[in-house]
Structures are given as structure tokens and as C-alpha cells.
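Each chain, written out:
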Amino acid sequence: QPNTATTPPARILIVEDDPDLKEMLREEIVEAGHEALTAADVAQARQLLSDHPPDLVISDLILPDQTGMDLLRFTQTSPMSPGVLLITAFGSIPQAVQALKAGADNFLTKPLDFDHLHICVERALELRRLRLEVQSFRHHRHHPPVAGLLGESRAMRQLLHKIHRVARLDAPVLITGESGTGKELVAQALHQLSDRPDGPFVPVNCAGIPENLLESELFGHVAGAFTGAQRARRGLFQVADGGVLFLDEIGELPSAMQAKLLRVLQNHAVRPVGSDQSQSVRVRILAASNRNLLQEVEAGRFRQDLYYRLDTFVLHVPPLREREQDLDLLIAHFLARYARELKKHVHGLTHEALQALRLHPFPGNVRELQSILQHAVAFSSSTNITRDDLPLDHRPTDTPGLHAPPDAAALLSGSSLPTLDELKRRYVRLVLQKVNGNKRRAAALLGIGRHTLYNNLSDPTRE
């Protein structure tokens, strides 16, 4: 049965050494609307648990190398441990009961009843969701989000740990990451956790100030310094004195301004335009860029000495596609926020709307998700956001080049023309390659179910 329950699509790891049973389980999980990973033993399962953390593990109790109990104990070493269902023969029910006491969610007996399987899967996923909500509540009660930075994924936990480590240092910090990932939020978090949280936080968009005004904006000027300078004006460095100056998109600074910024970092003093006197400033510099500054240095567009001055502490903000685990949390946060701000009685999303968001690649990252949900809440006419409320149809939905004409030579390679079935298989593989192997996205792009996708990838001798 397709997944019509309230639980969103999940990633489920199947650990079974019987290839026929493993394939049957995989097909059932995929047909239920979930993503299925498979392993034949505990060693393979442990690797998948590390590389692609699942929401649920369905494992045979008896496996070639170790037991399902060993795997259960391994899953419990993670703070985001998945749910676990064990498959057992009648004779090993006492062991299954022992596994329940050790933390398994349930056990299934052979021969499998697939209706019972679906019920157990949905219950285990819902139980894990509730467990994580309680864990998240306790975590945020003792560690409130800093500067609006939300996330429970490994990438975000690592970032937050680094923020706490460098926040109290007075050295410059370079914040890297794609557009829309939240680099300014990281800068605000560093400021809030610093030794001077009551000082000013002054953000500057280096790309948004005309080059001929940049020096005056940053360093100030004296009266009469240039035409129109009728009175002296403080620069942003002076405004930020005692606090933080956040230089967003620092890679856009002209070379001459890069040299002057380097002098400020070295001497802790600025000279206003038209003045022969320097003024001391106590300012911490936080810089951000969505460019690879090392490549900019190699291309001669960014000063090497300034780069190494900023490169001492680097914080990389992960893109949303590397924070899959945080997506539901961010959706819930923005949904509640805009429902409150717009005074709309919106409480959730339909399954189709949630599925559409989970399949969307978000090239604009968290900022794009935020914009989509703000629009959806504003125009929604019901208590649940529907697929039609989401402004996804006119947005980029795939990686660059995905809709470029396929390589005809690759599709038609070989000594003879391929059959229609073979051509179809080759095209499916091409689409999979374009989306980096993401079967959910490939199936959505092709307009087919994942079960059909797997069939199209199968060896023709098995059809």
C-alpha cells in the first residue's frame, strides 16, 4: 500500500542474507513510498549506517557474520539512532523478546505477513519521530538555538560545535558556503557568543557599495575630503568599534581596498578619507564568501596575504542538500513562523506537498525554502499547505545541465541500434547519473514510481 500515513517518506535499511526475501522487502518498502537500502550482513549494514543514516532498520536476527542483536547494539551508539525491527523464525522468539528489552521496536515472524509489516513500519517510524521530538525539545531547552541556527544533522552539529569553539577568540573568521545557507546567521551567532555581545554588529554587503564610495563607507571621511563632503562622517569601522564588522561577499572587494583592509587587520587603526591621522578601532572582522577564495587567489583576483590573514579560522556552512535530516525541522519552523506573522490558521502540509519539498534540490538553500513557505502560507486557503500552494513549478528543479539534450552517442552506442527497452534503460541510467544517483529524484523526473525505476534498471535477462 502507498504511504498514506502521517509519517513522511523515510529511509529504511533492510539487512537480510536471503536474496529473494531481501528483494521482496525492498519492493514492499519502495511501494509504500519509502527509500530502501539493502545489506546482506552486519558489516555492510554498519557501513551504510555510517554513510547514509536511515530512519529504520529491518534486520534478520541470524546473519552470516554477526547477529541482529549485534547490529541493534551498534545502532544505539548514535544519538540519532534509527528504529529497529527484527525478523525471526518461530524457534528464536525468546531471542526476539530479549531484543525488545534491549531496545528493538518490534519483531516479525517468518513467513512474513506483509500487511503486518506495513503496520509495524509506520508505528516504528512514528515512535522514532516522537522520540526525536522529545530529544530535540530537551536539547533546545538546555541549549536554545543561537541566532536562529536550527539543525540536528551531523553537519550542523559540527558547525555549531566550531562556532562555540571560536566565538570567544578575537581573531578574524572566514565563513564560507553557498548563497542562502545562512552565513550571516553564523556571524550573528559568533557575535552573540563572544566576549562583547553587547557591542554593535554591523553587516556590510561588499558587492552592494559602488567602488568609488567604498573607502568612505568603510573608513569615513573628514569635511571637504571630496566634492559634496560638507561634514565629517564616521565610517562603518568606527560604527562597529567595540563589536563586529561583518564583511559579506568579501571576494567582491577591489584589490586596492583589500590592501587597505589588510592594514586595518594588522594595525587596528583606520584613516578617514582626507585625513592624515589614524584612529584606533577595536573591531573583530568576520568575513563571508560564496566563492572559493583560494581559487580567487590563484586567479589573481584576491590578495594572498589577506586570504591567509582570514584563513586562520574557517567555518563552512553546509548546503541544504547535505542537511536532509534538518529539512522537516526547518519546514515546521518556517511554517509556524509565517502562520504567526501572517495570522493564518495553517498547521501542516499534505503528504504530496511534503513529498514535493523533499524531492526539491533547493539550489537557493535555506533562503529558498524560507521564501517558498512564506509564499505558500500567504496564499493557502486551508489549514494544510497543498502541493498547488508551493511555488515550485517555475523554479530551477535540478542541477545545471539536467535538461540539456542527452548525449545521443551514449544512448545509441553499440554495433547495432538498441531495442526500445534497452534505450529506455540507458535513458534511466543517464537521468540517474545527472542527479548523482538519487533514485527518488530520478523517479520524480521520469514521472514513474521507484518500483518501475528499478524494473527499468534490471538486467533484461531477468525480465
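As shown above, the structure is provided for reference.
Here we summarise the structure given alongside this text. (Residues numbered from 1 in each chain as written. Predicted model: local features only at pLDDT ≥ 70, side-chain atom pairs only at ≥ 80, totals over all residues. Heavy atoms only, no water.)

**Re the sheet that holds strand β13 (residues 284–289)**
A sheet is described by the order of its strands in space; here 5 strands give the open sequence β7-β10-β13-β6-β14, paired in parallel fashion. One side of each edge strand has no neighbouring strand; the edge strands of this open sheet are β7 (201–205) and β14 (314–316). Averaged over neighbouring strand pairs, the angle between their axes works out to 20 degrees when direction is ignored. With respect to the sheet, helix α7 (residues 183–192) is in contact with β6 (173–176), β7, β10 (244–248), β13 and β14, its orientation differing from that of β6 by roughly 150 degrees. (Pairing = 2+ DSSP bridges. Helix = DSSP H or I, 4+ residues; strand = E, 2+ residues; numbered from the N terminus. Axes fitted to C-alpha atoms, helices over the stretch in contact; angles between N-to-C directions. Contact = heavy atoms within 4.5 Å.)

**Comments concerning the packing of helix α13 (residues 327–341) against helix α15 (residues 365–379)**
The interhelical angle for the contact between α13 and α15, taken along N-to-C directions, is 45 degrees, at an axis separation of 9 Å. Of the possible angle classes, the one that applies to α13 and α15 is oblique. Pair α13 / α15 crosses with right-handed handedness. Facing α13, whose interface residues are L327, L330, I331, F334, L335, R337, Y338 and A339, α15 presents V366, L369, Q370, L373, Q374 and V377. (Parallel < 35°, antiparallel > 145°, perpendicular 65-115°, else oblique. Left-handed = near helix turned anticlockwise from the far one by under 90°.)

**Structural notes on the pattern of salt bridges**
By the definition in use, this model includes 18 salt bridges. Note that R11 is salt-bridged to E35, the shortest N-O span being 3.5 Å. Here E35 lies in strand β2 (residues 35–39) and R11 lies in strand β1 (residues 11–15), a separation of 24 residues in the sequence. Accessibility expressed as a relative area gives 15% for R11, which makes it buried. (Salt bridge = Lys/Arg side-chain N within 4 Å of Asp/Glu carboxyl O. Buried < 20%, exposed > 50% of the residue type's maximum accessible area, 1.4 Å probe, protein only.)

**Brief notes about the pairing of β7**
Because side chains alternate across β7, one face comprises the buried residues V202 and V204, and the other comprises F201, P203 and N205, none of which is buried. The pairing of β7 with β10 spans 5 bridges and is parallel. In the strand pairing of β10, V204 is matched with L247.

**What to know about α13**
Taking 1.5 Å per residue as the helical rise, α13 with its 15 residues ought to reach 21 Å, and the 21 Å between its terminal C-alpha atoms agrees with that figure. K343, located one to two residues past α13, shows a positive phi value of around 55 degrees. (Expected span 1.5 Å × (residues − 1).)

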